[in-house]
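What follows is the residue order along each chain.
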Amino acid sequence: MKIVLKDRINFSMVAIKKHSGILAILLIFIAIGILLIYIATKIEKPIALYGFGGFVMVFSLFVFFYTIPSSFLYYYEQEITKKYGSYTIAKITNKEIEDHSYQEKADGHIDYIEEFHYLLSYVFEYNETTYENSFYVNSLACYEKLTIGAKIPIKFLRTNPKKSSVRRVKLSKELGIKSVS
């Protein structure tokens, strides 16, 4: 499947808009680093200022190049799937509750914070090949309504069926709950 240049640009713009806040913050830090280095060129003993300005810039660029590409690619692929994806039905094959509970010390006493993540795995077939994926739901009520063997609506990319996602709005309507998120 060939993606036309106009669509590539649109998908990139959507991905950039999703990151506009973080990009603005990173650009501010890079500008501060450049400003500190500029000020260092104007004073007599600038070594500490050069070092600090350089650190601010390098750290900002590290954060940018380390975190943004994978997140950008995720949103880019979501847009490709949204436009060029195919719909099908998948079957839930596994359910798992991940316990991420922890203890937090506050005001001299220890609070136990319960945090659970509800993971559901599913399979679907495309061109006589079986593909697997999984997704999280936020609520226990939704997790309990989705049983092993239940059919769920998904969308996948025909050119790369490993890239699939649950159609959450449709699933919410089918289950009669507010949001699957």
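Relevant structure appears above.
Residues numbered from 1 in each chain as written. Predicted model: local features only at pLDDT ≥ 70, side-chain atom pairs only at ≥ 80, totals over all residues. Heavy atoms only, no water.

Peer 1: Where do I start with the overall build of the protein chain in this structure?
Peer 2: If you tally the helices and strands in the protein chain, you get five helices and seven strands. Mapped from its N terminus to its C terminus, the protein chain presents α and β elements in the order α-α-α-β-β-β-β-β-α-β-β-α. A compact globule built from 181 residues should have a C-alpha radius of gyration of about 16 Å, whereas the protein chain, at 23 Å, is more than 25% larger. Principal axes of the C-alpha set define a box for the protein chain whose edges measure 75 × 60 × 25 Å. Nonlocal contacts in the protein chain, meaning residues at least 24 apart in sequence, comprise 58% of its contacts between residues at least 6 apart. Working note: accessible area of the protein chain is about 12,400 Å², and carbon and sulfur atoms make up 60% of it. Across the protein chain, 23 positive and 17 negative side-chain charges occur, with their mean positions spaced 13 Å apart. (Helix = DSSP H or I, 4+ residues; strand = E, 2+ residues; numbered from the N terminus. Rg over C-alpha atoms; globule rule 2.2 N^0.38 Å. Contact = heavy atoms within 4.5 Å. Areas by Shrake-Rupley, 256 points an atom, 1.4 Å probe, with all protein chains shown as cover. Lys, Arg positive; Asp, Glu negative; His and termini not counted. Charge placed at Lys NZ, Arg CZ, Asp CG, Glu CD.)

Peer 1: It is not clear to me how the side chain of H19 should be interpreted in this structure. Could you clarify?
Peer 2: In this fold, H19 is placed in the loop between helix 1 (5-18) and helix 2 (20-42). Side-chain polar atoms of H19 contact the backbone oxygen of A15, separated by 2.7 Å. Each residue touching H19, except ones within four places of it in the same chain, is listed here: I68, S71, F72 and Y75. (Polar contact = N/O pair within 3.5 Å; in protein donor to acceptor, adjacent residues only side chain to side chain.)

Peer 1: In this structure, what is going on with the packing of aromatic side chains? I would like to understand it.
Peer 2: Between two aromatic rings, the relevant description is the distance of the centres plus the angle of the planes. Applying the stated criterion to the full structure yields 13 aromatic pairs. Their ring planes at 10° and their centres at 5.3 Å tell us that F62 and Y66 sit as a pair that is stacked. With F62 and Y66 both in helix 3 (residues 47-84) and four residues apart, this pair spans about one turn of that helix. A relative accessible area of 48% places F62 in the partly exposed class. Of the residues examined, Y66 reaches a relative accessible area of 61% and is grouped as exposed. Ring pairs connect the aromatic residues Y122, F124, Y126, Y131, F135 and F156, which therefore count as one cluster. Seen from the ring of Y143, K95 lies directly overhead, with NZ or CZ sitting 4.3 Å from the centre. (Phe/Tyr/Trp six-rings, centres within 6.5 Å; stacked < 30°, edge-to-face > 60°. Buried < 20%, exposed > 50% of the residue type's maximum accessible area, 1.4 Å probe, protein only. Lys NZ or Arg CZ within 6 Å of the ring centre and 35° of its normal.)

Taken by themselves, the reported measurements are silent on function.
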